[in-house]
Amino acid sequence: MVNMVHRLLSPLLLSCFCISLILIPSLACAALASTDVEKKAVLNIVTDKKEMEMGKFLSVQLVYFGQSIPEPAQLHSWNKDFYIEDMSRDSETLPGGYIKTIEYLRLYPRTTGIKTLHAIAQGGAIARPVDINVRPLIRNNINGAPRWNSPPKEIWQGETIIISIVQNLMTENNQVKTEEARFPGFSVLHSWQESEYKNGIKTVRVNWQLKAQNYGHFSLDAPSVVQRGSRGRWRFYLPVINITIKPVPAYIPATVPAAQIEVNSKLKQVNSRPFWQLSIKSNGYPGEEIYGIRNRLAKMAQTTPDRVKFAAHEQLTDTGKQSAQSWRVAVPTWTMPLKNTLISIDYFDPEQGQLKQTQNQLPSLWYIPVFAQYLLFIMLLLLVALMVFYLYKWLKSRQKRIAFIRDIKACGSADQLRELLLKTSGSRTLSEWAEQVQDRSLQELAQSLNLQCFKASNNDASNDLLSSIKSRLIDYYSHKA
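Residues numbered from 1 in each chain as written. Predicted model: local features only at pLDDT ≥ 70, side-chain atom pairs only at ≥ 80, totals over all residues. Heavy atoms only, no water.

### Looking at the side chain of Lys 470
Note that Lys 470 resides in helix α7 (residues 460-479). Here Lys 470 sits buried without a salt bridge, and the closest side chain of opposite charge, Asp 407, lies 11 Å off (N-O distance). (Helix = DSSP H or I, 4+ residues; strand = E, 2+ residues; numbered from the N terminus. Buried < 20%, exposed > 50% of the residue type's maximum accessible area, 1.4 Å probe, protein only. Lys, Arg positive; Asp, Glu negative; His and termini not counted. Salt bridge = Lys/Arg side-chain N within 4 Å of Asp/Glu carboxyl O.)

Here it is, written out as structure tokens:
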């Protein structure tokens with residue numbers, strides 16, 4: 001009986017053993033697989049709200065469960081819609097070898113609308129996306145969110161621009177504050193605020209004057225803009241703007257200003273000596289001295305470039321910071337008004353994208369040495385004296401000639417006329433008088449006058465002849481120099 005049972009159980013035991021050899025590895029694999037599932041990492045995005053208002057922040061927790069502390073999450077996909085402020089990070093060990101890590105964030109929306117916190121990966125885990133509704137900030141029908149004021153898309157290297165943020169104040173007494181601005185690729189020359197009223201709303205404009213330093217594609221992220229007053233405080237971050245800085249052509253020197261320029265020149269007295277002073281103003285000046293101007297001024301002043309004094313300074317205007325460069329050089333001696341003092345200045349016109357040139361005429365003047373001034377003054381006095389002397393002689397001669405013509409007219413007879421001509425000329429005869437005047441026509445006149453003087457009769461014909469002789473004499477002496 002026992003042997004029969006043994007014979008019956010032996011195949012059964014053998015079968016069970018074989019089955020166990022097959023099932024045990026499978027069960028072990030299943031157990032191991034179950035353990036891996038239980039230890040898989042988990043990442044969740046937890047927000048304190050699903051709807052928010054512009055100017056406020058969203059509290060976000062990135063909750064991670066895993067076997068180790070993960071690297072910080074990569075949140076680049078959120079940057080377009082939110083400014084991300086890292087607050088803190090905590091980790092704690094849980095039973096079963098788990099570690100819980102929480103990363104605390106503050107998110108400030110850049111624009112309104114439905115925004116998505118896109119799915120992110122961390123430590124092998126992936127979090128599901130979360131939607132957030134961002135409402136506009138409206139008080140008394142006033143939208144208090146700031147906005148960019150049409151920034152440019154492209155500019156030239158070295159060019160100076162002004163970018164602005166415009167914000168309506170929800171109450172007139174509110175204030176607007178910004179952090180210090182840092183824009184990659186640009187240097188900040190100046191920042192200021194200005195305000196205006198329009199339709200009963202006070203608007204603040206925050207301005208930055210920037211100079212493009214490097215060329216390439218740059219993203220400008222404005223600093224936070226805070227509006228605060230008695231009824232609240234709001235912090236804003238604006239969307240990132242993209243600006244392309246184009247390189248200036250290689251043939252243009254780096255010291256050529258990439259902007260419109262204003263050129264002025266004047267005379268300046270220093271220790272009683274005249275100096276030419278040339279000034280160039282521009283909102284887009286390079287820090288270095290403009291190339292070539294010193295040499296051109298030295299050539300005009302007939303001196304060496306090291307004697308040309310250079311100065312650079314900056315001044316604030318209503319449109320930002322303005323830079324100016326000036327040169328001063330002594331006017332050379334023996335300078336005449338006809339001297340060529342035209343100077344040309346090169347600049348790069350950002351609007352047309354090409355090199356241009358403007359010209360300025362330095363003031364013209366007379367400048368000669370002191371001893372030469374005295375010499376010229378003495379010569380001028382002598383010249384004036386000589387002119388006065390000759391003028392006096394001419395006037396005396398003219399008066400004498402007028403009196404002589406008057407005497408000719410007063411002569412009532414040929415004898416009186418003859419005596420007048422001989423007396424005034426110192427001649428003994430009319431023939432001798434005619435030779436003195438050296439005029440052939442007067443020799444005939446003298447003969448006619450002689451005949452008239454020695455005639456016995458005095459009739460009307462004689463009187464007409466006398467009048468004719470007097471007229472010819474008056475005409476002669478009237479036109480005589």
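So that's the structure; there's more coming.
### A few points about the pattern of salt bridges
If you walk through the whole model with that rule in mind, you get 12 salt bridges. A salt bridge links Asp 48 to Lys 49, with the nearest nitrogen and oxygen atoms 2.9 Å apart. What makes Asp 48 partly exposed here is its relative accessible area of 45%. Here Lys 49 falls in the partly exposed class, since its relative accessible area comes to 28%. Residue Arg 135 pairs with Glu 51 through a salt bridge whose shortest N-O separation is 3.0 Å. Note that Arg 135 is positioned in strand β9 (residues 130-135) and Glu 51 in strand β2 (residues 51-53), a separation of 84 residues in sequence. With a relative accessible area of 42%, Glu 51 lands in the partly exposed category.

### Here's the deal with unusual backbone geometry
One non-glycine residue, Gln 302, lies in positive phi territory at about 55 degrees. Topologically, Gln 302 is positioned in the loop between α2 (293-300) and β24 (309-317). Even without being glycine, Trp 334 reaches a positive phi, approximately 60 degrees. Structurally, Trp 334 can be placed in the loop between β25 (320-330) and β26 (342-349).

### Some points on the packing of helix α3 (residues 370-410) against helix α4 (residues 414-425)
Running from amino to carboxyl end, α3 crosses α4 at an angle of 160 degrees, the nearest separation of the two axes being 9 Å. Taken together, α3 and α4 sit at an angle that is classed as roughly antiparallel. Classified by chirality, the crossing of α4 by α3 is right-handed. Of the residues in α4, those touching α3 at Phe 404, Asp 407, Ile 408 and Ala 410 are Gln 416, Leu 417, Leu 420, Leu 421 and Thr 424. (Axes fitted to C-alpha atoms, helices over the stretch in contact; angles between N-to-C directions. Parallel < 35°, antiparallel > 145°, perpendicular 65-115°, else oblique. Left-handed = near helix turned anticlockwise from the far one by under 90°. Contact = heavy atoms within 4.5 Å.)

### Here we look at the layout of surface pockets
In this model, the largest pocket occupies a volume close to 350 Å³. Forming the boundary of the largest pocket are 12 residues, of which Lys 400, Phe 404, Thr 424, Tyr 477 and Lys 480 lie nearest the centre. With four residues, α3 is the single largest residue contributor to the lining of the largest pocket. Tallied by class, residues from the lining of the largest pocket come to five nonpolar, four polar and three charged. (1 Å grid on protein atoms, 1.4 Å probe; cavity = no way out; pocket = protein on both sides within 12 Å on 5 of 7 lines; lining within 4 Å. Points joined across faces, edges and corners; volume = space filled by probe spheres on them. Nonpolar A, V, L, I, M, F, W, Y, C, P; charged D, E, K, R; others polar.)

### Notes on the nonpolar core
Among the nonpolar cores identified, the biggest contains 28 residues, and Ile 45, Val 60, Leu 62, Trp 78, Leu 107, Leu 117 and Ile 120 are the most heavily contacted of them. Those elements giving two or more residues to this core turn out to be β1 (42-47), β3 (58-66), β4 (82-94), β5 (98-109), β9 and β20 (232-236). If one sorts the elements of this core by residue count, β3 sits on top with four residues. Look past the residues within four positions of Trp 78 in its chain and what remains in contact with it is Ile 45, Val 60, Leu 62, Ile 84, Leu 105, Leu 107, Leu 117, His 118 and Ile 120. Counting 24 residues, the second largest nonpolar core, distinct from the first, contains Ile 405, Leu 420, Leu 422 and Ile 474. (Core = buried A, V, L, I, M, F, W, Y, C linked by side-chain atoms within 4.5 Å.)

### Overview of the packing of aromatic side chains
On inspection of all chains with the given rule, the structure shows nine aromatic pairs. Consider the rings of Tyr 83 and Tyr 237, whose centres lie 3.7 Å apart with planes at 5 degrees: the pair is stacked. On the criterion of sequence distance, the pair formed by Tyr 83 in strand β4 and Tyr 237 in the loop between β20 and β21 (241-246) is long-range, its members being 154 residues apart. Note on Tyr 237: relative accessible area 6%, which makes it buried. Residues Trp 156 and Phe 348 carry aromatic rings whose centres are separated by 5.0 Å and whose planes lie at 75 degrees to one another, so their mutual orientation is edge-to-face. (Phe/Tyr/Trp six-rings, centres within 6.5 Å; stacked < 30°, edge-to-face > 60°.)

### Quick look at helix α5 (residues 430-437)
Looking only at α5, the buried set comprises Leu 430, Trp 433, Ala 434 and Val 437. Down the axis of α5, the buried side of the element spans an arc of 100 degrees, and every buried residue falls inside it. (Arc of directions from axis to C-beta.)

### Comments concerning a nonpolar patch on the surface
Judged by side-chain polarity, Leu 380, Leu 383, Val 384, Met 387 and Val 388 come together as a nonpolar surface patch covering roughly 470 Å² of accessible area. With respect to the helices and strands, Leu 380 occurs in helix α3. Relative accessible area serves as the criterion here: at 49%, Leu 380 is assigned to the partly exposed category. (Patch = residues over 30% accessible without salt bridge, like charges linked within 9 Å, V, L, I, M, F, W, Y side chains within 5 Å. Areas by Shrake-Rupley, 256 points an atom, 1.4 Å probe, with all protein chains shown as cover.)

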